[in-house]
Amino acid sequence: MDLPQANQELESLLNYLKNSRGCDLTGYKRSSLLRRFRFRMQQININSYQEYLKYLQNNSEEWLTLLNTVLINYTGFFRDRSSWDYLAKEIIPKIIASKQKNESIRVWVAGCASGEEVYSLVMLWAEALGIESCLERVQFYATDIDEEAIKEARQATYQSNPVRELSPDDDPTLDIVPHTELTGISPYLLNKYFQHHKDSYTFDPQLRRTIIFARHDLVKNAPISKIDLLVCRNVLIYFTPEYQATIFVRFHFALKDTGFLFLGKAESIINNRAIFTPISLKHRIYAKGLDLDLNDHLLINPKTHFKRSNERQDSKNFFWQTAFEINPLPQIAVNLHNYLIDANEAAHLLFGLKLDDLNRPFNQLELSKLVGEMKTFYENPHQVTLTDVEWHTATDTKYFDISIVPVYDKKKTLLGAILTFSDSVYKLHN
Ligand SMILES: C[S@@+](CC[C@H](N)C(=O)[O-])C[C@H]1O[C@@H](n2cnc3c(N)ncnc32)[C@H](O)[C@@H]1O
């Protein structure tokens, strides 16, 4: 098959995954996608993307195998040891020094795979602050797009048996050397922070509870905010420069002004302006640089992504649309006919909303149970606030204050309402 045809078939396959499976790989580098798809196709003796697309459509379980092949979960404790030493010696003490005695600290590991990286961090913070203070002050968030990886990470258990030797069936593009899942942890840390079972070790359950694990797609979902240390290693290498630039803007938004970003050894910042400044290029550690400007903000919004230049004349509308999108508080808009007409990224993330949910009757959505009948709020023209409303998810209970603001046009005709949910992400309990 010639190259243009192969490329076209690959793009059709990516579009199928995006539209039918909600899995958007279009932002991933084509070179690495090609390698990973080819590897999978060779395993099942398929020669063209078109054929593989049919195979995917006819074999529902293939989709999960493909995802595991594409989203490489390879990870380890204290990967690139010298950078972790630098983090422990130079950066963590700086963050602690910038805080009041009992002030809280927020750490986000984005692309946490099976958890080794976040547990490495918990150990570093516990060593720096002492276990008691770490339990009291540090909140860790560990996120990944891959549910299976998160499930493993939550279990916090790692085998002490050697990982098997490479076999001819292993993917040769991965740099796997025989080792145990605990490779990288010193005996001192292993004894102090893990419970030993026959063939495995489990991370200290009390410290484990300082971590909130969640599925989070760096391309689609709103960033977690007010972060002191953001660790995102060996994830961005899979993205095209355009998508990397978008993600860096989100990271800037996620970090406190005094926050730090820790990238992987082969990664560096792509942005026309210096929105991050290097603290150590060798160890890929950055501090926040210049403030974001309007163009950076527009990059965050997938709806305006890549369309910036011809729509700039509409900058006032874009400004407000962007302000709505990037508001860290989840917000939704419901029209007078009781349809959900917009939801910002934080609301999408919190309530698991999909694009299809926009323009659906509001009372068909699970989240409508939080407020009940909308028409009761239209009886008077003022804002109403519902306090401490409970929202149960499969894993926890959250509490919101919900402010409901009726929206009128200039002629005082009622258009609908804006609902804002506060204290949502931050009152999460494991
Ligand atoms: C090679 S692993 C890196 C794991 C760990 N950060 C490390 O350096 O050892 C890459 C991880 O990025 C995750 N990933 C890929 N695309 C992602 C996305 N769009 N959003 C969040 N995580 C993503 C994969 O599922 C995988 O677990």
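Whatever comes next refers back to the structure up there.
Remember, predicted model here, so these are calculated numbers, not experimental data. (Residues numbered from 1 in each chain as written. Predicted model: local features only at pLDDT ≥ 70, side-chain atom pairs only at ≥ 80, totals over all residues. Heavy atoms only, no water.)

## As for the overall build of the chain
Stage number 1. Along its length, the chain carries 14 helices and 15 strands.
Stage number 2. Long-range pairs, those at least 24 residues apart, make up 62% of the contacts in the chain with a sequence separation of at least 6.
Stage number 3. Total accessible area on the chain stands at roughly 21,600 Å², and carbon and sulfur atoms take up 51% of it. (Helix = DSSP H or I, 4+ residues; strand = E, 2+ residues; numbered from the N terminus. Contact = heavy atoms within 4.5 Å. Areas by Shrake-Rupley, 256 points an atom, 1.4 Å probe, with all protein chains shown as cover.)

## Some words on the packing of aromatic side chains
Here the distance between the centres and the angle between the planes together describe a pair of aromatic rings.
Stage number 1. Under the definition given, this model contains 18 aromatic pairs.
Stage number 2. Aromatic pair F37 and Y52: ring centres 6.3 Å apart, planes at 75°, arrangement edge-to-face. Here the residue F37 occupies a position in helix 2 (residues 30-43), and Y52 occupies one in helix 3 (residues 49-58), the gap between them amounting to 15 residues.
Stage number 3. Classification of F37 as buried rests on a relative accessible area of 0%.
Stage number 4. Its relative accessible area of 0% is what places Y52 among the buried residues.
Stage number 5. Plain terms: the ring middles of Y52 and Y55 are 6.3 Å apart, the flat faces sit at 20° to each other, and that makes the pair stacked. (Phe/Tyr/Trp six-rings, centres within 6.5 Å; stacked < 30°, edge-to-face > 60°. Buried < 20%, exposed > 50% of the residue type's maximum accessible area, 1.4 Å probe, protein only.)

## Structural notes on the sheet that holds strand 6 (residues 211-215)
Stage number 1. Read from one edge to the other, the open sheet built from seven strands follows the order 6-2-1-7-8-10-9, with strand pairing classed as mixed. The open sheet has two edge strands with one neighbour each: strand 6 and strand 9 (276-280). Each neighbouring strand pair of the sheet contributes to a mean axis angle of 20°, computed without reference to strand direction.
Stage number 2. Relative to strand 10 (residues 285-288), strand 8 (residues 255-263) runs antiparallel, the two being bridged by three bridges. When the sheet's bridge partners are listed, F260 is paired in strand 10 with A287. (Pairing = 2+ DSSP bridges. Axes fitted to C-alpha atoms, helices over the stretch in contact; angles between N-to-C directions.)

## With respect to helix 4 (residues 62-70)
Stage number 1. Within the sequence span of helix 4, burial applies to E62, W63, L66, L67, T69 and V70. All buried residues of helix 4 lie within an arc of 160° about the axis, which places them on one face of the element. (Arc of directions from axis to C-beta.)

## A look at the site of the ligand
Stage number 1. Contacts to the ligand come from 21 residues, most closely from Y28, N73, T75, D144 and N234.
Stage number 2. Between T75 and the ligand, the recorded distance is 2.5 Å, taken from a side-chain N or O atom to an oxygen atom.
Stage number 3. At 2.6 Å, a side-chain N or O of D144 approaches an oxygen atom of the ligand.
Stage number 4. When the free accessible area of the ligand is taken as 600 Å², the share hidden by the protein chains comes to 99%.
Stage number 5. In the shell around the ligand, the residues fall into ten nonpolar, five polar and six charged. (Near = heavy atom within 4 Å. Polar contact = N/O pair within 3.5 Å; in protein donor to acceptor, adjacent residues only side chain to side chain. Nonpolar A, V, L, I, M, F, W, Y, C, P; charged D, E, K, R; others polar.)

## Some words on the packing of helix 3 against helix 4
Stage number 1. Two numbers describe how helix 3 lies on helix 4: the axes approach to 8 Å, and their chain directions differ by 125°. Taken together, the axes of helix 3 and helix 4 lie oblique to each other. Residues Y52, Y55 and L56 of helix 3 form the contact with helix 4, whose participating residues are E62, W63 and L66.
Stage number 2. A class-by-class count of the residues in the contact of helix 3 with helix 4 yields five nonpolar, no polar and one charged. (Parallel < 35°, antiparallel > 145°, perpendicular 65-115°, else oblique.)

## Quick notes on helix 3
Stage number 1. Restricting attention to buried positions, one finds in helix 3 the residues Y49, Y52, L53 and L56. The buried residues of helix 3 occupy an angular sector of 105° when projected down its axis, which confines them to one face. The exposed set on the far side of helix 3, more than 90 degrees from its buried face, consists of K54 and N58.

These figures capture arrangement, not role.
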